[in-house]
Amino acid sequence: MQQVASVFAKQPGQNRDKGFCPIHSVIALKISILHFCFGIAVRENVKKMLSAKNKRDKALSEILSYTYPHLHTGACWYISFYAFDPSLEKMRRKRIKINSVGTAAEKRRYASQVCHRIASQLETGWNPWIEAVADYCYKQFADVLAHYRNHITKLLSDGVLRQSTIHGYMCSARIMEKWNEAQPSRIKYVYQFDRSFCVRFLDYVYLERGNSPATRNNTLAFLRSFSTFLVQHLYLKEKPTEGLQNISKGTKPKERTVIDATDMKRLHDWLQVNNRPFLLVCYFLHYMLIRPREIAKLRLRDICVAKQTVYIDAAISKNKKSAFVTIPAPILELMVELEYFDAPSSFYIFSTGFRPGPKPSSERAYRHFWNNVIVPALKFPKEYKFYSLKDSGITGMLRSGLDALSVKEQARHSSLEITDCYIPQGVRDSNPALQNYKGIL
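Quick look at the structure, then. Treat the numbers as computed from the prediction; the structure is a model and nothing was measured.

Calculation criteria
- Residues numbered from 1 in each chain as written.
- Predicted model: local features only at pLDDT ≥ 70, side-chain atom pairs only at ≥ 80, totals over all residues.
- Heavy atoms only, no water.
- Phe/Tyr/Trp six-rings, centres within 6.5 Å; stacked < 30°, edge-to-face > 60°.
- Helix = DSSP H or I, 4+ residues; strand = E, 2+ residues; numbered from the N terminus.
- Buried < 20%, exposed > 50% of the residue type's maximum accessible area, 1.4 Å probe, protein only.
- Pairing = 2+ DSSP bridges.
- Axes fitted to C-alpha atoms, helices over the stretch in contact; angles between N-to-C directions.

### Some details on the packing of aromatic side chains
Counted under the stated rule, the structure contains 32 aromatic pairs. Centre to centre, the rings of Tyr-340 and Phe-350 are 6.1 Å apart; their planes meet at 65°, and the pair counts as edge-to-face. With Tyr-340 in the loop between α12 (329-337) and α13 (363-378) and Phe-350 in the loop between α12 and α13, this pair connects stretches of sequence that are 10 residues apart. For Tyr-340, a relative accessible area of 0% gives the class buried. By relative accessible area, which is 0% here, Phe-350 ends up buried. Seen in terms of ring centroids, Trp-370 and Phe-380 are 5.9 Å apart; in terms of plane orientation they differ by 40°. Their pairing is tilted. Here Trp-370, found in helix α13, pairs with Phe-380, found in the loop between α13 and α14 (388-399); they are 10 residues apart in sequence, far enough to count as distant. Accessibility expressed as a relative area gives 6% for Phe-380, which makes it buried. Through a chain of ring-to-ring contacts, three or more aromatic side chains come together here, namely Phe-141, Tyr-148, Tyr-169, Trp-179, Phe-193, Phe-197, Phe-201, Tyr-204, Phe-222, Phe-226, Phe-229 and Tyr-235.

Put into structure tokens, the structure is as follows:
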């Protein structure tokens, strides 16, 4: 437009200048107008061409929704591939670092497996940006198990899980690790922990090892806990244990039974001579009906000698409720004889050697001493368990004429029905108080 305007901007006197020609001016004006119009057309055509190219690229990206993964080596080893990201409307690169995977040969083997698996998933329509599957699924199985162990250990220290629960989970994890290592096609990466693996491991526990239904159910409880951990920490998308059921325990009676009065006397006499501190442990279970796990957590400061009570705090109680339990006089007398109250009040009542100490004992220590020392020494039948002392205590209290409500409160049961369940059906002998009873009829 400047060229056009310049033609008409001539002063009147310029028409008489030498060399000026009106025809030339018209031609110049036409040429300027053509240049201006052609420039606009060219710019519009370029815009249309770029827009068309962008549309073609977008369409091509949607058609070619992924590229196959391949390995990159060097200072950083990683697997990369492209997949179409709908939110960005373009192809986007996905990288999976594998520097932590052992030697170069191990990295190549690992990369080969991962590339094959990702390629299969891409071919079936999987998209990492839509489903947001975490890279953690490619972590080594051993490393993930170590993470799980640290996690449940922290839950124990925070009081979320019980010691017995953690012990069971740790044992199951150890058995699973050993079994997996012995398999011809053992799993190495966490994505291989699937339903098939869980079913085969449960069959190993129940069929090959010959464990009881209860042990098999406990193993399934561990697998469920581990599966929940894997999903919550983004190692897996779904729980492999979904749909797996416990084996019904049916109506099989307990193998544990109450201890005969004669055998109770033998137990007392043997412990009186050989291990009086453990006799005190037995008193806590038999007369005070305190659970082994709770016994292990009691401190001397929990005992009130004047009131003859021991305080069971909610933090160590099975039902998470605080309560006071009556201490019979013979128990306090034995504690005085053994000089338990000479120790600091902060000490646990039963530590090393079942004597007061700064560290608590484990409830397993009680069962271990019972099974490995007392049972062989007194030739007790297998039905005599350490916990049978509590069953015998409840039965003896009820047989002595003590009312059921008092027994329920001492045992801290939620109902009388639970108190009654602690009396095994097989030992409900005739009541001596009724053998010679004669009523008014």
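### Quick look at the sheet that holds strand β2 (residues 78-85)
Here we have 3 strands laid out as an open sheet, ordered β1-β2-β3, and antiparallel in their pairing. Both outer strands of the open sheet, β1 (70-72) and β3 (90-97), are each paired with one neighbouring strand and no more. When strand polarity is set aside, the average angle formed by the axes of neighbouring strands in this sheet is 40°. Pairing geometry for β2 and β3, over 8 bridges, is antiparallel. Residue pairing for β3: Ala-83 is matched across the bridge by Arg-92.

Shape descriptors only; they carry no functional weight alone.
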